[in-house]
Every structure is written in structure tokens, then in C-alpha cells.
Amino acid sequence: MEMSAAERTVCGTVWLVGAGPGDPDLLTVKAARIIAAARVIVHDGLVDDAILALARPDARLISVAKQRARHTLPQEGINALLIAEARAGHDVVRLKGGDPFIFGRGGEEVDDCRAAGVPVQVIPGISAANGSAAQALLPLTHRDISSAVTFVAGQCKGLTDQNWAGLAGKGRTLVIYMGIATGDAIAEKLIADGVSPDTPVAVLEKGTRADMRTLRTLLTDLGPMIARQAVVSPALIVIGDVVTRADATDCLPALFAQQLEPLS
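Residues numbered from 1 in each chain as written. Predicted model: local features only at pLDDT ≥ 70, side-chain atom pairs only at ≥ 80, totals over all residues. Heavy atoms only, no water.

## Some points on the pattern of salt bridges
Right, on to step 1. Scanning the model with the defined rule gives eleven salt bridges in all.
Right, on to step 2. One salt bridge in this structure joins Glu-109 and Lys-96, with 3.0 Å as the shortest N-O distance. Within this pair, whereas Glu-109 is found in helix α5 (residues 106-116), its partner Lys-96 is found in strand β6 (residues 92-96), the two being separated by 13 residues in sequence. For the pair formed by Glu-109 and Lys-96, the shared burial category is buried.
Right, on to step 3. Its salt-bridge partner being Asp-221, residue Arg-228 comes within 2.9 Å of it at the nearest N-O pair.
Right, on to step 4. Exposure remark for Arg-228: the relative accessible area of 45% places this residue in the partly exposed category.
Right, on to step 5. Salt bridges sharing partners connect three or more residues here, namely Asp-44, Arg-94, Lys-96 and Glu-109. (Salt bridge = Lys/Arg side-chain N within 4 Å of Asp/Glu carboxyl O. Helix = DSSP H or I, 4+ residues; strand = E, 2+ residues; numbered from the N terminus. Buried < 20%, exposed > 50% of the residue type's maximum accessible area, 1.4 Å probe, protein only.)

## Looking at the state of the cysteines
Right, on to step 1. Tallying each qualifying case throughout the model produces zero disulfides.
Right, on to step 2. Free of any disulfide, Cys-11 has its nearest neighbouring cysteine sulfur in Cys-113, separated by 8.7 Å.
Right, on to step 3. By relative accessible area, which is 16% here, Cys-11 ends up buried. (Disulfide = S-S within 2.5 Å.)

## Comments concerning the pairing of β6
Right, on to step 1. Buried residues dominate β6, accounting for five of its five residues.
Right, on to step 2. Residues Val-92, Arg-94 and Lys-96 line one face of β6 and the alternating positions Val-93 and Leu-95 line the opposite face, and both faces are buried.
Right, on to step 3. Of the strand pairs in this sheet, strand β1 (residues 14-18) and β6 are connected by five bridges, and their pairing is parallel. By the bridge assignment for β6, Leu-16 is matched with Arg-94.
Right, on to step 4. In this sheet, β6 lies alongside strand β2 (residues 40-43) in parallel orientation, the contact comprising four bridges. Looking across to β6, one finds that Ile-41 is bridged to Val-93. (Pairing = 2+ DSSP bridges.)

## Looking at unusual backbone geometry
Right, on to step 1. Cis geometry marks the peptide bond from Ser-233 to Pro-234, where omega comes out at 0°.
Right, on to step 2. Assignment of secondary structure puts Pro-234 in the loop between α8 (222-228) and β12 (235-239).
Right, on to step 3. Here Phe-103, not a glycine, exhibits a phi torsion of approximately 55°, which is positive.

## Some remarks on the packing of aromatic side chains
Right, on to step 1. Taken as a whole and assessed by the stated rule, the structure comprises two aromatic pairs.
Right, on to step 2. Look at Phe-151 and Tyr-177: their rings are 6.3 Å apart centre to centre, the planes differ by 80°, and that puts the pair in the edge-to-face class. With Phe-151 in strand β8 (residues 146-153) and Tyr-177 in strand β9 (residues 171-177), this pair connects stretches of sequence that are 26 residues apart.
Right, on to step 3. Of the residues examined, Tyr-177 reaches a relative accessible area of 8% and is grouped as buried.
Right, on to step 4. Directly above the aromatic system of Trp-164 lies the positively charged group of Lys-189, at a separation of 5.3 Å from the ring centroid. (Phe/Tyr/Trp six-rings, centres within 6.5 Å; stacked < 30°, edge-to-face > 60°. Lys NZ or Arg CZ within 6 Å of the ring centre and 35° of its normal.)

Now the structure itself:
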């Protein structure tokens, strides 16, 4: 729907802002500046309170926290909320964990803002994969081990029908978002596609936060390890030989010792 001339005159801007993976110190300078100026902040549930504390005293903070199979507000409702607030003359920050364009549905929000004629800008954030891997000293690419990295979602419709052929194996790194609840299915899928059952995997739980855990095992043990260690979200799964370089707790030490490559 097109805006009237009056609406265009007073329309605010929607800013899609990446809050980073958890540690407030990883917020970008530009993101901090925009948060401090916004009249309205529509935020995810995982955004740290220290980041929300940067908001101006009179800012309205609106939580649209999502959890598995339960949404405070459906995505279409979030999009409509952003547009309505901007049309009311407010600069709106849509504050997302990680980066808005990496499994953050930022593309959908941009599309709807554009269609409504609402100005929209994106401020990237450090992704969960980049931040968590850095804290774990896990290089997602490495000249001697992996020359390619792929990001996929492990919790979505039609998981078994997705084509992951060639995404994991020698010389490649696979990073799986939202895969903790489907660890058994992920391992079965990859092994069925030809990935070796003894491929190293790591689970990065609560990345960049003070209580982060990096747990390492083999692909065949992924689901059982998640259960044994009572892993909770947010967490990422990393699959590939780069995992051998991580600072991690080995959850199958007797078996995994054979897989570790000496640092050189």
C-alpha cells in the first residue's frame, strides 16, 4: 500500500541492527549510536540487557522474543509493527541477535518495508558463527584444512528433503544454526549422504557469553552428546576438520584422540 504525501513527510526510518552473538562489547559503534537515538526498539529475546540499557530513557522497548514452536508475535505481525511505528514518525530499531541477514529474517523485513515505502537501513552485526568460533579459537577456514564454509539451518520444514550434498567433508566446514533439537537427524542425514561417521564436530553453546561451552565429539555421537551434556540454545554445530583446532572439551576423549591433528 502506498503512503500518502503526509505520511511520507513524517515517516521515520526502520533500522535493522545486528546486536552480535551475546557479548555486549561486540556491538558495533554505529549500532550503539543508532540504538541510543531510537524512539522505538523492537528486540529479540536473546539481546543482552546491557545493550538494551543503551536506549534513551523515553524509548519504548518492545520484545518480540521467539522460541521453538512459540512466537510472541508472528513474523508478519513484526513486519507490520515496524511499518506502523515508522509511519507514526518514529525511527525504529529492529534489534536482532547476531547479524540481521544470517538467519535473522532481515530480508523479509526489508522487503515489506520497501513495499510499504518505508525507509529502511541495515547495520550488520558479528554473526553467532563468527563470534562463537572466535571465542573457541576455532578457525572456520584454515589454509591447511578447510577452504570453504557453509551456513545452514537445522531446524526448518523439510529438513530431510534439503540437499546438503558436498557441504561437509574433507576441506569443508559446515556450520548449522538452530540444530540442537535435531542433532540425531542431522547426523543421520550427513552420514547417509556419505560424510564419515568419525568426522569431528563441535557444539558451541551460549557463544561469547561468560558461560560459553565448546563441546567436541564425532559426528556419529552428535545427538547422544547433546543429550548427555544437556546442551541448550543458543548453540551452533560446527562439522569438519577445523574442529580439531578448537579450544574444546572432548566428550569422547578415548576415541577422539585419534582424530586430533598436531598444531603446526
